[in-house]
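Working through the structure, step by step
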Amino acid sequence: MARIIVVTSGKGGVGKTTTSASISTGLAKRGHKTVVIDFDVGLRNLDLIMNCERRVVYDFVNVIQGEASLNQALIRDKRVNTLYILPASQTREKEALTKEGVEKVINELSETFDYIVCDSPAGIEHGAMMALYYADEAVVVTNPEVSSVRDSDRILGILQSKSRRAEMSQDPVKEHLLLTRYNPARVERGEMLSVADVEEILAIPLLGVIPESQIVLNASNQGVPVILEEDSDAGQAYEDAVARLLGEEREHRFMTSQKKGFFSRMFKGG
Amino acid sequence: MSDTATSGVKQGFQLKSASVSMTALELYYFDDGEFEEVLRDKISQAPGFFKDTPLIISLEKYQGLDSELDFFKIIGTCRRNHIHVIGVRGGNEDQRRLARGAALALLPGSGQRDRTHETDQPAAPEAETAVAQPPSAGAGDPPPARIISQPVRSGQQIHAPDGDLVILAPVQAGAEVLAAGNIHVYGPLRGRALAGIHGAESARIFCQSLEAELVSIAGHYKISEDLQENGWKSAVQIQLRDDLLVVTPLDKA
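Residues numbered from 1 in each chain as written. Chains lettered and ligands numbered in written order. Predicted model: local features only at pLDDT ≥ 70, side-chain atom pairs only at ≥ 80, totals over all residues. Heavy atoms only, no water.

- Chain B appears in an unreviewed UniProt entry as Probable septum site-determining protein MinC from Marinobacter guineae.
- The heading Sequence similarities (unreviewed entry) in the UniProt record of chain B holds the text "Belongs to the MinC family."
- According to the UniProt record, the Subunit (unreviewed entry) comment for chain B is "Interacts with MinD and FtsZ." (UniProt positions renumbered as here; feature names shortened; annotations may be inferred.)

- The name given to chain A in an unreviewed UniProt entry is Septum site-determining protein MinD, with Marinobacter guineae as the source organism.
- Taken from UniProt, the Subunit (unreviewed entry) comment for chain A reads in full: "Interacts with MinC and FtsZ."

And the structure:
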């Protein structure tokens, strides 16, 4: 049985798709057979971030409606061969994602994959509900500002009340907080919420802190999941997050501003 | 708040304004048999809550024909199930005439609210209801207090219709907790807390850190802005004294 992980946030533009791409790539790189599904029907993005937009023939909705088989729609990643992408449909409505249809696809994927990563659309409407419904774990992507924190809180409430695990009274969905676009210098100037502030409000375990970085934007534009930028702090931060997701203990990094001298940077390895 | 008699003349009664939180039945269409079946099903989920409870029929979303709207049948069915229909809310002129014919009180719809009748009870926001079931639901007699150990998140509503509500976690901004009795929050109270919703003026609210959007006891309420001076972000209890909400630090109680 595959582990189903939803990457969600409530708020838009906080880094869900970037995170889905990196986490799925990270899991696959460690040898786990992983599929990442784009639930953002109508606003397809994941294929761009994963650099497979020219290879999309069939999509998620085609599979749900029986117009294509799963094998026809799955795109194998060219960099990591245990990674597959199931792209969203760009021409349909989110209502095409029926509960039964999504369940059928997820069950079928469960038979052969170790991890299913669901990239949720923003908001709390149908598409987002479908993305989180079957989840075992949730990575709640949050930016260090109040509106993002409140939307994350809302999504956490929905995970604990509207997911399949909640409806079936099973163990609750395991929640992880991933703080993205974190800028320690701005936190120190009081322009952003600190990690401690966000942890205190949301009261869920911290999976990782991804520093704000030009690398993230460049990587997205080039269709490279940030985690493959192994020399960058953002790439390493995602690597740490994946390790923690798999149960490893890793110290949190990139949470203080690093405008230090050349030597101290050398010795800290950062 | 009250129209207390200023003269010394003794009267048999006094009229006082009261705000009572009530259950509304939002009617979409009416079919006699189906109505009773659904009603019984709802009651069976929380028998204690509906026993002898007053009910208003909300017509704001009624889509059926006016001719099908038989208030006498509705009242009879409800009465058989120990629910007392006391009035209707909203509805068009014809529907309200039918309701008056059945001796029901007429309340303004939420869109057509009459300022003079407006109470200080804030309208309950439409939020999805209670997530967590009480631990012993269906195990016979209802627990004296409902105990919640998960955070109450934005958009969630937790309701203790019969007794106290104890929350061992934060109540987040945008969340709402309601109880017939006291509310205890062993964490920060950042959302809304409404104690004594059936009018119990002795109900109190206790919290580890007062950061609430709104607190209310028996319909008397204070919003965040009015809570800043006293006990903000500290452990307090809130009680009703002479129709006023009083905030006291817990270490001085």
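On we go.
**Quick look at the environment of Met-129 of chain A**
All names here are of chain A.
- Summarising the element assignment, Met-129 is placed in helix 6 (residues 126-133).
- Looking at Met-129, the relative accessible area reads 21%, which means it is partly exposed.
- Each C-alpha atom of the pair Met-129 and Ile-155 lies 9.5 Å from the other, and the pair is 26 residues apart in sequence. (Helix = DSSP H or I, 4+ residues; strand = E, 2+ residues; numbered from the N terminus. Buried < 20%, exposed > 50% of the residue type's maximum accessible area, 1.4 Å probe, protein only.)

**Observations regarding the packing of helix 7 (residues 146-162) of chain A against helix 10 (residues 195-202) of chain A**
All names here are of chain A.
- With their axes 10 Å apart at the nearest point, helix 7 and helix 10 run at an angle of 35° to one another. Crossing angle aside, the handedness with which helix 7 passes helix 10 is right-handed. Contact with helix 7, carried on its side by Val-149, Ser-152, Asp-153 and Leu-156, involves Val-198, Ile-201 and Leu-202 of helix 10 and no other residues of that element.
- Grouping the constituent residues of the contact of helix 7 with helix 10 by class yields five nonpolar, one polar and one charged. (Axes fitted to C-alpha atoms, helices over the stretch in contact; angles between N-to-C directions. Left-handed = near helix turned anticlockwise from the far one by under 90°. Contact = heavy atoms within 4.5 Å. Nonpolar A, V, L, I, M, F, W, Y, C, P; charged D, E, K, R; others polar.)

**Here we look at a negative patch on the surface**
- A surface patch of like charges, here negative, comprises Asp-31, Asp-32, Glu-34, Glu-37, Asp-41 and Glu-68 of chain B.
- In this structure, Asp-32 of chain B sits in helix 1 (residues 32-45). (Patch = residues over 30% accessible without salt bridge, like charges linked within 9 Å, V, L, I, M, F, W, Y side chains within 5 Å. Areas by Shrake-Rupley, 256 points an atom, 1.4 Å probe, with all protein chains shown as cover. Salt bridge = Lys/Arg side-chain N within 4 Å of Asp/Glu carboxyl O. Lys, Arg positive; Asp, Glu negative; His and termini not counted. Charge placed at Lys NZ, Arg CZ, Asp CG, Glu CD.)

**A closer look at the side chain of Arg-153 of chain B**
- With respect to the secondary-structure elements, Arg-153 of chain B resides in the loop between strand 6 (145-148) and strand 7 (156-160).
- Among the residues examined, Arg-153 of chain B registers a relative accessible area of 3% and is labelled buried.
- Among the polar contacts listed, one links the side chain of Arg-153 of chain B to the side chain of Asp-153 of chain A, at a separation of 3.0 Å.
- When residues no more than four places from it in sequence are discounted, the contact partners of Arg-153 of chain B are Asp-153, Leu-156, Gly-157, Glu-175, Ile-201, Leu-202, Ala-203 and Ile-204 of chain A together with Gln-172 and Ala-175 of chain B. (Polar contact = N/O pair within 3.5 Å; in protein donor to acceptor, adjacent residues only side chain to side chain.)

**What about the sheet that holds strand 12 (residues 205-210) of chain B?**
All names here are of chain B.
- With mixed pairing, six strands are arranged side by side in an open sheet as 6-8-10-12-15-16. Only two strands of the sheet have a single neighbouring strand rather than two, namely strand 6 and strand 16 (244-249). Put simply, the sheet's adjacent strands are angled 25° from each other on average, direction ignored.
- Here three bridges tie strand 8 (residues 164-167) to strand 10 (residues 183-189), and the two strands are oriented parallel to one another. Considered in strand 10, the bridge of Val-166 is made with His-184. (Pairing = 2+ DSSP bridges.)

**Concerning the packing of aromatic side chains**
Residue and element names in this part refer to chain A.
- Applying the stated rule across the entire model yields four aromatic pairs over all chains.
- A centroid spacing of 5.4 Å and a plane angle of 80° characterise the contact between Tyr-84 and Phe-113, whose relative ring orientation is edge-to-face. Note that Tyr-84 is positioned in strand 4 (residues 83-86) and Phe-113 in the loop between helix 5 (99-112) and strand 5 (115-119), a separation of 29 residues in sequence.
- Classification of Phe-113 as buried rests on a relative accessible area of 4%.
- Ring centres of Tyr-133 and Tyr-134 lie 4.8 Å apart, and the angle between their planes is 85°; this geometry places the pair in the edge-to-face category. For the pair Tyr-133 and Tyr-134, a shared accessibility class is recorded, and that class is buried.
- Just above the ring of Phe-113 sits the side chain of Lys-33; from NZ or CZ to the centre is 4.6 Å.
- The aromatic ring of Tyr-133 is capped on one face by Lys-99, whose charged end is 4.2 Å from the ring centroid. (Phe/Tyr/Trp six-rings, centres within 6.5 Å; stacked < 30°, edge-to-face > 60°. Lys NZ or Arg CZ within 6 Å of the ring centre and 35° of its normal.)

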